[in-house]
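# Examination of the molecular architecture
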Amino acid sequence: MQWIKLYESEASAKAEIPLTKAVTVVVAGQELCLAHTRAGLFAVNNACPHLGDSLSRGTTNYLNEIICPWHSYRFNLASGE
Ligand code: FES
């Protein structure tokens, strides 16, 4: 596994990504959704497994889920369910 630094610190990442929001980051050619929830920061594949919309355009909720902006499917950021 290779670690790639995206932000100077966890605090700076949280400052740049508002709580409940997500951003797209490209790491080693792979597009990821970096989401900020009350439980912390999570990185997942940016393509929704339903029909491929960008999860980073969605929002997070109090259940630690990212909500896809197209059909509102929800995915738990910790478990993947
Ligand atoms: S594309 Fe994400 S829920 Fe349909």
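Below or above, wherever it landed, is the structure these notes cover. Quantities reported herein were computed from a predicted structural model and do not represent experimental measurements.

Once that is clear, we can look at the sheet that holds strand β2 (residues 30-37). Read across the sheet, three strands follow the order β1-β2-β3 without closing on themselves; strand pairing throughout is antiparallel. Where the open sheet ends on each side, the last strands, each with one partner, are β1 (22-27) and β3 (40-45). Averaged over all neighbouring strand pairs, the angle between strand axes comes to 30°, with direction disregarded. When β1 meets β2, the two strands line up antiparallel, connected through six bridges. Within β2, the residue paired with Val 26 across the bridge is Glu 31.

Looking at chain direction, β2 and β3 are connected through six bridges and run antiparallel. The partner of Leu 34 across the bridge, within β3, is Ala 43. Connecting β2 to the next strand, β3, in antiparallel fashion are two residues.

Of all hydrophobic cores here, the largest spans eleven residues; its members are Ala 22, Leu 32, Cys 33, Leu 34, Ala 35, Cys 48, Leu 55, Ile 66, Cys 68, Phe 75 and Leu 77. Here this core takes four residues from β2, the largest share from any one element. Apart from residues no more than four positions distant in its own chain, Leu 32 is found in contact with Val 25, Val 27, Ala 43, Val 44, Asn 45 and Asn 46.

This next bit is on the environment of Ala 28. Turning to its location among the elements, Ala 28 is positioned in the loop between β1 and β2. Taking the C-alpha atoms as reference points, Ala 28 and Ile 4, separated by 24 residues in sequence, lie 8.9 Å from one another.

Thresholds applied
Numbers given to residues run from 1 along each chain, matching the order in which its sequence is written. Only residues with pLDDT of at least 70 get local features here, since the model is predicted, and only at 80 or more are side-chain atom pairs given and counted; chain-wide, interface and lining totals rely on the full set of residues. Two strands make a pair as long as DSSP finds a minimum of two bridges between them. Where helices and strands are cited, they refer to DSSP runs of H or I of at least four residues and of E of at least two residues respectively, numbered from the N terminus. Every axis in this analysis is a line fitted to C-alpha atoms, fitted for helices over the stretch in contact. Angles between the N-to-C directions lie between 0 and 180 degrees. A set of buried residues drawn from Ala, Val, Leu, Ile, Met, Phe, Trp, Tyr and Cys, joined through C-beta atoms within 7 Å, is what defines a nonpolar core. The exposure label follows from counting other C-beta atoms within 10 Å of a residue's C-beta, where the C-beta atoms are placed from the backbone and the thresholds are 20 or more for buried and 12 or fewer for exposed, leaving partly exposed in between. By definition, residue pairs are in contact when their C-beta atoms, positioned from the backbone, come within 7 Å.

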